[in-house]
Amino acid sequence: MTDVPDFPALRANAFRDAWCGQVLADRVDQTVRVAGWVHRRRDHGGLIFIDLRDRTGLVQLVFNPDAAGAAQELGHRLRAEDVISVSGEVVRRSAETVNAELPTGEVELRVAEAELLADAETPPFEIEGYSGEVGEELRLRYRYLDLRRERMRDALTLRHRVTAAIREFLDGEGFLDIETPVLTRSTPEGARDFLVPSRQQQGSFYALPQSPQLFKQLLMVAGLERYYQIARCFRDEDLRADRQLDFTQLDLEMSFVGVDDVIELNERLLASVLGSMGVEFELPLKRIPYDEAIARWGSDKPDLRYGLELADLTDRLRETGFNAFRGVIDAGGSVKGLNAGAREMSRADLDGLVEEAKELGAKGLVWAVVEADGWRSPVAKFLSEDELAAINGDLEASEGDVLLIAADHGNVAATVLGGLRTRLAARYGLIPEGVNELAWIVDWPLFEWSEEEGRWDALHHPFTSPAGPLDPDDPGSARALAYDVTWNGVELGGGSVRISDPEVQRAVFTALGISPEDAEARFGFLLEAFRYGAPPHGGIAYGLDRMVALLHGTDSIRDVIAFPKAASGGDPLTGAPAPVDEQQLRELGIALRAAKRPG
Ligand code: ASP
């Protein structure tokens, strides 16, 4: 950060009376004492220059032989990352040595006294400057050194500013910050639970919350009306750049509200919080029905900063003689197309796209390059002139354009092309800089069919209210009072209006194949609470790590978490997860199977 830090004046003590970053030209001729880490050291034989670093920035120290004595002697011995306290006079630098990059660059501190507070071993990587070449394992292993770097410090500072802005806004709106337990029972977000064995009740386990969902609903029954929490959530999932085993949500819930109320409040929250970070956008945000998002952009979190919309070609091809399409259509699937525009793509590039489509879940992908006299495409000969013309028309194709077509069941054709759409946009530089597109995705299906389980699952969670009466014969048609908010193609948060009528809740459980006994065993306490007067309520949760990562301009949420887990799920710093003593296991009544014993 090149700004002068807005830090409060320090109370002078034996270590310092000023922050490094505040030793500015207005202090010339004053004596100041600063403390911090040796950031960089240049020994010019006689003169020794040291950049001293504290959280606010750098100031240049000069050890001059004229100072002589102990200070000079120490200056010679200092090494990177030693911790020192020095005092001396602030002097103006000569014009040629002014450093315009640093707020303190007009001055230097002429050291009169210096004290070594702590020696540092040579760090395993350089702190000075940010070299992206240091492997992540090593950075995480020595995270306390990694966090000394400016970019990491900026990330944590930004994170703090975001949470401070959130708290200020929600406090002003009457929200109470209420903590909910970390040792609890399974919560309904559908991921794998982390379990904690109970010592006092051997054989029983706490689950770490996947979200505070059930507790925040109980807080509404309790009449607290407006709750929020910056809550740690735990989901035992495989890690990716945007996932951690424990992560942070901004979680909130409100009583006596419908969808519009929650959306309206959250739009102001986003405008206030993101706005305070310089992200500008207009309210109200667009609301895009889920089906439209899938149909036009092939995603439930579409990036709206560029075109490349999909077209539905199914109706055009109902009678086609091309079996690959016809078979899919006859079986109720769809054919979708994407005009990737006029791109220089070799045969290998096009075949590469087919492979990518398969990675994304397609059985295949048809490509075509539009030429003056027709299509250059492996499938051109299978399609009639009329069909080619119709597809060209629907995809607004002109000569040179690359067309991509997928045929598959359900939403697969759309989501595969949606996946290619985002890759192509990044690959061909189609994403405009400095544009912010936020939108609500609304009218979600209530349920989704799980092929693996052979049953309906809740698309959000089982407490999401249906938008109308359920048709038990057609759960797939039910819509939910649910909403997600997206920013430039990333899901920032999602929530819903909840079920507060026990009859409706029962019907939803039935559709999900959750028996009354099961429901009672898993969520009985919530269902019981609902019998004591539950207000209509709804809420939302945001992925805070992701929000901060986007603001910081990084793809990895690990960059904005002080002590994240590595991609392996382990923590290279503490060595977690780690084996435990035999004695600890005995107390918990746990015996490990020999084959599983670590080490
Ligand atoms: N508990 C939900 C989640 O973690 C959010 C919500 O419905 O408020 O995704």
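Residues numbered from 1 in each chain as written. Predicted model: local features only at pLDDT ≥ 70, side-chain atom pairs only at ≥ 80, totals over all residues. Heavy atoms only, no water.

### A few points about the packing of helix α4 (residues 150-172) against helix α14 (residues 544-552)
Then, number 1: Running from N to C, α4 and α14 point in directions that differ by 125°, and their axes come no closer than 10 Å. With respect to α14, the element α4 is oriented oblique. As α4 packs across α14, the resulting crossing turns out to be right-handed. Residues R151, D154, A155, L158, R159, V162, T163 and I166 of α4 lie in contact with α14, whose contacting residues are L544, D545, M547, V548, L551 and H552.
Then, number 2: For the contact of α4 with α14, the residue count by class is eight nonpolar, two polar and four charged. (Axes fitted to C-alpha atoms, helices over the stretch in contact; angles between N-to-C directions. Helix = DSSP H or I, 4+ residues; strand = E, 2+ residues; numbered from the N terminus. Parallel < 35°, antiparallel > 145°, perpendicular 65-115°, else oblique. Left-handed = near helix turned anticlockwise from the far one by under 90°. Contact = heavy atoms within 4.5 Å. Nonpolar A, V, L, I, M, F, W, Y, C, P; charged D, E, K, R; others polar.)

### So, the sheet that holds strand β12 (residues 310-312)
Then, number 1: Read from one edge of the open sheet, five strands run β12-β13-β16-β14-β15, paired in antiparallel fashion. Either end of the sheet is taken by a strand with one partner, and the two such strands are β12 and β15 (374-376). Across this sheet, the average inter-strand angle for adjacent strands is 35°, counted without regard to direction.
Then, number 2: Where strand β14 (residues 366-371) meets strand β16 (residues 401-408), four bridges bridge the pair, whose relative direction is antiparallel. (Pairing = 2+ DSSP bridges.)

### A look at the side chain of Q210
Then, number 1: Within the secondary structure layout, Q210 lies in the loop between β8 (205-207) and α5 (213-221).
Then, number 2: There is a polar contact of 3.5 Å between the side chain of Q210 and the backbone nitrogen of G190.
Then, number 3: Among the polar contacts made by the side chain of Q210, one reaches the side chain of D193 at a distance of 2.6 Å. (Polar contact = N/O pair within 3.5 Å; in protein donor to acceptor, adjacent residues only side chain to side chain.)

### Remarks on the sheet that holds strand β5 (residues 107-118)
Then, number 1: As summarised here, the arrangement of the five strands in space is β1-β2-β3-β5-β4, forming a closed barrel in which the pairing is mixed. Across the sheet, the axes of successive neighbouring strands diverge by a mean angle of 55°, strand direction being ignored.
Then, number 2: Running at roughly 75° to β5, helix α1 (residues 69-77) makes contact with β1 (31-44), β2 (47-54), β3 (57-63) and β5 of the sheet.

### So, the site of the ligand
Then, number 1: What surrounds the ligand is a group of 13 residues, the closest being E189, Q213, K216, Q249 and R498.
Then, number 2: S211 places a polar side-chain atom, nitrogen or oxygen, 3.3 Å from a nitrogen atom of the ligand.
Then, number 3: Q213 is positioned with one of its side-chain polar atoms (N or O) 2.6 Å from a nitrogen atom of the ligand.
Then, number 4: About the coverage of the ligand: the protein hides 87% of its 270 Å² of free accessible area.
Then, number 5: Looking at the shell around the ligand, the elements with two or more residues in it are α5, β21 (490-497) and β22 (537-543).
Then, number 6: For the shell around the ligand, the element with the most residues is β22, which contributes three residues. (Near = heavy atom within 4 Å. Areas by Shrake-Rupley, 256 points an atom, 1.4 Å probe, with all protein chains shown as cover.)

### Re the packing of aromatic side chains
Then, number 1: As enumerated under the stated definition, the model contains ten aromatic pairs in all.
Then, number 2: Ring centres of F322 and F382 lie 5.2 Å apart, and the angle between their planes is 0°; this geometry places the pair in the stacked category. On the criterion of sequence distance, the pair formed by F322 in the loop between β12 and α8 (323-330) and F382 in the loop between β15 and α10 (385-394) is long-range, its members being 60 residues apart.
Then, number 3: Take F382: its relative accessible area is 42%, and that puts it in the partly exposed class.
Then, number 4: The interplanar angle of 90° and the centroid separation of 6.0 Å between the aromatic rings of W440 and Y483 together place this pair among those described as edge-to-face. With W440 in strand β17 (residues 438-445) and Y483 in strand β20 (residues 479-487), the pair connects residues that are 43 residues apart, well separated along the chain.
Then, number 5: A relative accessible area of 0% places Y483 in the buried class.
Then, number 6: Members of the aromatic cluster, joined through ring pairs, are F322, F325 and F382.
Then, number 7: The ring of W19 carries R16 above its face, with NZ or CZ at 4.6 Å from the centroid. (Phe/Tyr/Trp six-rings, centres within 6.5 Å; stacked < 30°, edge-to-face > 60°. Buried < 20%, exposed > 50% of the residue type's maximum accessible area, 1.4 Å probe, protein only. Lys NZ or Arg CZ within 6 Å of the ring centre and 35° of its normal.)

### A few points about the nonpolar core
Then, number 1: If you look at the biggest cluster of nonpolar residues, it comprises 54 residues, and the most contacted ones within it are L365, L404, L417 and L424.
Then, number 2: Per-element tally for this core: the top contributor is helix α11 (residues 412-427), with eight residues.
Then, number 3: Not counting the four nearest positions on each side in its chain, L424 is found in contact with L308, L338, A340, M345, L353, L404 and L430. (Core = buried A, V, L, I, M, F, W, Y, C linked by side-chain atoms within 4.5 Å.)

### With respect to the pairing of strand β10 (residues 246-255)
Then, number 1: Of all ten residues in β10, ten are buried, a share of seventy percent or more.
Then, number 2: The side-chain alternation of β10 yields two buried faces, one formed by D246, T248, L250, L252 and M254 and the other by F247, Q249, D251, E253 and S255.
Then, number 3: As defined by bridge partners, strand β9 (residues 226-234) adjoins β10 across nine bridges and the pair is classed as antiparallel. In the strand pairing of β10, R232 is matched with T248.

Distances and angles like these do not, on their own, reveal function.
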